[in-house]
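These are the residues of each chain, in order.
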Amino acid sequence: MACRKDTPPVTFRSLAVPLALALAAGGCAKTGDIDVSQGVGITAVRSACPIVGIPAGTGDVTLFNGTSTDSRAIDAVATISNVRATCSDAGDDVVTRVTFDVRARRTSADGARDLSLPYFVAITRGGSQVVAKRVGQVALRFDAGQPIATANGEATTVVARAQATLPQDVRDRLTRRRKAGDQDAAVDPLATPEVRAAVLAASFEALVGFQLTQDQLKYNATR
């Protein structure tokens, strides 16, 4: 899907990407299912493409005229939406292009106006640890008499496939078939601390949001 570049894309290198484990019950056995007919086992559904999203409280920004945060002082409001990822996972490197839309509304439509808003793309590990972050700018253009402006932003991640690979012993524990009656047949391997820790260590997310000031974060949290 084509995406207009408002600023040079943000690029991350040498970062791991998510590992997804899918479990399903019932129906025909397929990748990710628990296959009871041939013994219980979990097939790891591995994706080299990062899970993308918007962290809570960072998907919109409100600009004010002056220091007042009263609704009558609002200058403009912008929102990030439609965060998408296009991934190429052939070869040793996994290249993921993250795109998103920005829609802004201004209070006064008098005259033409340019507005530049900072955004970030962060890579998190295990759901909480930030391992990389870059800040870019998305440019919006309000035409004279128009209260709405839209733009697109993007970032690119380049990762080493080896960093997304679980240790062989962990993969064996996840995918080993276990027959009914075996001592560990009913035990979810993901409940084992060391297996869960290994999966979390290999799980990464690409998060997009506005680069907000402390006052803007506070406003979003308390409004």
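Novice: I keep staring at the pattern of salt bridges and nothing clicks. Help me out?
Specialist: Pairing between side chains of opposite charge can happen when the charged atoms of each approach one another. One pass over the full model with this rule turns up 6 salt bridges. For glutamate 154, the salt bridge goes to arginine 97, with nearest N and O atoms at 3.4 Å. In this pair, glutamate 154 is assigned in strand 8 (residues 148-160) and arginine 97 in strand 5 (residues 93-106), connecting sequence segments 57 residues apart. On the accessibility criterion, glutamate 154 (4% relative accessible area) is buried. The salt bridge involving arginine 141 is made with aspartate 114; its shortest N-O contact spans 3.0 Å. In this pair, arginine 141 sits in strand 7 (residues 129-142) while aspartate 114 sits in strand 6 (residues 113-125), placing the two residues 27 residues apart along the sequence.

Novice: Where do I start with the packing of aromatic side chains in this structure?
Specialist: Both the distance between ring centres and the angle between the ring planes are used here to describe each pair of aromatic rings. Within the structure shown, the criterion is met by 2 aromatic pairs. When the ring of phenylalanine 64 is compared with that of tyrosine 219, the centres are 5.1 Å apart and the planes differ by 80°; the resulting orientation is edge-to-face. With a gap of 155 residues between them, phenylalanine 64 in strand 3 (residues 60-64) and tyrosine 219 in helix 3 (residues 214-222) connect regions that are remote in the sequence. Summarising the aromatic geometry, the rings of phenylalanine 100 and tyrosine 119 are spaced 4.9 Å apart at their centres and angled 70° between planes, so their arrangement reads as edge-to-face. Here phenylalanine 100 is found in strand 5, whereas its partner tyrosine 119 is found in strand 6, with 19 residues between them in sequence.

Novice: Help me out: how do you make sense of the packing of helix 1 (residues 168-175) against helix 2 (residues 193-201) in this one?
Specialist: Between two packed helices, both the angle of their axes relative to each other and the distance between the axes serve to describe the pair. Contact geometry for helix 1 and helix 2: axes closest at 10 Å, N-to-C directions at 115°. The orientation of helix 1 relative to helix 2 falls into the category roughly perpendicular. Crossing of helix 1 over helix 2 shows left-handed handedness. Where helix 1 abuts helix 2, its residues Val170, Arg173 and Leu174 lie against Glu194, Val195, Ala198 and Val199. Of the residues in the contact of helix 1 with helix 2, the class split is 5 nonpolar, no polar and 2 charged.

Calculation notes
Counting restarts for each chain, with residues numbered from 1 along the sequence as it is written. Only residues with pLDDT of at least 70 get local features here, since the model is predicted, and only at 80 or more are side-chain atom pairs given and counted; chain-wide, interface and lining totals rely on the full set of residues. As a rule here, side-chain values cover all heavy atoms of the structure and leave hydrogens and water aside. Counted as salt bridges are all cases of a side-chain nitrogen of Lys or Arg within 4 Å of a carboxyl oxygen of Asp or Glu. In this text, helices come from DSSP runs of H or I with a minimum length of four residues, and strands from runs of E with a minimum of two, each type numbered from the N-terminal end. Think of it in three bands: residues with accessible area under 20% of the maximum for their type are buried, residues over 50% are exposed, and the middle band is partly exposed, with areas taken using a 1.4 Å probe on protein chains only. What counts as a ring pair is set by centres within 6.5 Å for rings of Phe, Tyr and Trp (its six-membered ring), and what kind of pair is set by the plane angle: stacked under 30 degrees, edge-to-face over 60, tilted for all other angles. Between the N-to-C directions of two axes lies an angle of 0 to 180 degrees, each axis being a line fitted to C-alpha atoms and, for a helix, fitted only over the stretch in contact. For classification purposes, an angle smaller than 35 degrees is called roughly parallel, one larger than 145 roughly antiparallel, one from 65 to 115 roughly perpendicular, and anything else oblique. Left-handed describes a crossing in which the near helix is turned anticlockwise from the far one by less than a right angle; the clockwise case is right-handed. The contact rule is simple, with two residues in contact once any of their heavy atoms fall within 4.5 Å. Just so you know the grouping, Ala, Val, Leu, Ile, Met, Phe, Trp, Tyr, Cys and Pro go in nonpolar, Asp, Glu, Lys and Arg go in charged, and all remaining residues, Gly too, go in polar.

Nothing here speaks to function; it is all geometry.
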